[in-house]
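# Inside the fold
Given next are the chains, with one letter for each unit.
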Amino acid sequence: MGNRFSDSSQIKIVSSFAELIRLDFHGDVNAVCWERNLDGDFKEIVSQLHLKDNITEVSAGDLLSLQLSEKGNAAREIILSDLKLLTESGASPSLNLLKKYERDEELDFISTDVYSYHVDRSPIATSTFLCTYYGAASDILPNNQALQKILIPEIREKLKELHSGTEEEFEEFLKEYYFDLHYQPKTDAQPVNLGLGHLWRLSVDHPGQEVLPCIHRAPVENKGECRLLLIC
C-alpha cells in the first residue's frame, strides 16, 4: 500500500496498534497514523443504526444487536477490536453516529466550535485518538501553516472589547472561553485529510508535552450522510 501521508513532516506512519501508542512525539511530529485499508461494509452498519440526536453514542451492545451481512460483520469486528484495544490501553473511546455538531454563532468574528481549526487541551498527559469509518473525514494542519486567532490584531481587539479587566485577567478570559485553542489557516495552507479507516493519535496541549499540539478540525458533513466516528 502506498504511503499517502509521507509528504508531511508532522505525520509518522506506523503499522500496528502497539506502535501507535508507543511512539513518542518529537520534533515536528505531532500526529501518528496507523494506516489501514479496512475490508468491511461500514455503510451497512450506519444504515441500520438509529440516530436519536445530532450525535448518538453507539455501544458495543448496539453493534452486536445488528443483523449484518458477511462484509457488514467484518466491519463490526474491526470496530469492536478498535474499541477493545483502546480501552485496554487506558483510553475511553466513544463510537459516535454523527449528523452534525453544534455550531458556535454567538460571535461573528471568531468561532470556537469543532469545525474551526483547533487544538485539544488536557490537564493530564494524554492524546486524542480518532478514526472515521464512514462519511466525511477530519483535517489536520501543520502548525507553521496556521495563526493563533487571539494573536490576529483585529480579532484580539474585538475580544478586548468584550472584557473590561486587566491584561492578566484578559489572558485568563481567553483560556476560560477556549478562544486561545483556535487557529486561522494561512492563505497558502495545505490541510491533510485523515481519510477513512486509519486510526490516528494526535498530540494534545498538556503539562509536559514536548511538541506542539496538533491542529485539526471536524469536516462539514456530506449532505444527507451521517459519519461513523471513533474518538477519545
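Everything here concerns the structure above.
It should be emphasised that the depicted structure is a prediction, and the values quoted were computed from it without experimental measurement. (Residues numbered from 1 in each chain as written. Predicted model: local features only at pLDDT ≥ 70, side-chain atom pairs only at ≥ 80, totals over all residues. Heavy atoms only, no water.)

This part is about the overall build of the protein chain. Check the secondary structure of the protein chain and you find six helices and 12 strands. Taking 17 Å as the expected radius of gyration for a compact globule of 232 residues, we find that the protein chain reaches 19 Å, a close match to that expectation. Its C-alpha atoms give the protein chain principal-axis dimensions of roughly 60 × 40 × 35 Å. A burial count over the protein chain gives 48% of its 232 residues as buried. (Helix = DSSP H or I, 4+ residues; strand = E, 2+ residues; numbered from the N terminus. Rg over C-alpha atoms; globule rule 2.2 N^0.38 Å. Buried < 20%, exposed > 50% of the residue type's maximum accessible area, 1.4 Å probe, protein only.)

Attention shifts here to the pairing of strand β3 (residues 55-58). Of the two faces of β3, the one holding T56 and V58 is buried and the one holding I55 and E57 is not buried anywhere. Across four bridges, β3 lies against strand β4 (residues 94-98) in antiparallel orientation. Counted as the bridge partner of I55 is L98 from β4. (Pairing = 2+ DSSP bridges.)

Turning next to the sheet that holds strand β11 (residues 215-217). Pairing within the open sheet is antiparallel, and its three strands lie in the order β9-β6-β11. Unpaired on one side and paired on the other, β9 (192-193) and β11 mark the two borders of the sheet. For strand β6 (residues 139-141) and β11, the ladder comprises three bridges, and the chain directions are antiparallel. Counted as the bridge partner of L141 is I215 from β11.

On the surface, E168, E169, E172 and E176 cluster together to form a negatively charged patch. Structurally, the position occupied by E172 is in helix α6 (residues 167-176). (Patch = residues over 30% accessible without salt bridge, like charges linked within 9 Å, V, L, I, M, F, W, Y side chains within 5 Å. Areas by Shrake-Rupley, 256 points an atom, 1.4 Å probe, with all protein chains shown as cover. Salt bridge = Lys/Arg side-chain N within 4 Å of Asp/Glu carboxyl O. Lys, Arg positive; Asp, Glu negative; His and termini not counted. Charge placed at Lys NZ, Arg CZ, Asp CG, Glu CD.)

Our next topic: the pattern of salt bridges. Within the structure shown, the criterion is met by nine salt bridges. In the salt-bridge network here, residues are joined through shared partners; they are R156, K160, E167 and E171.

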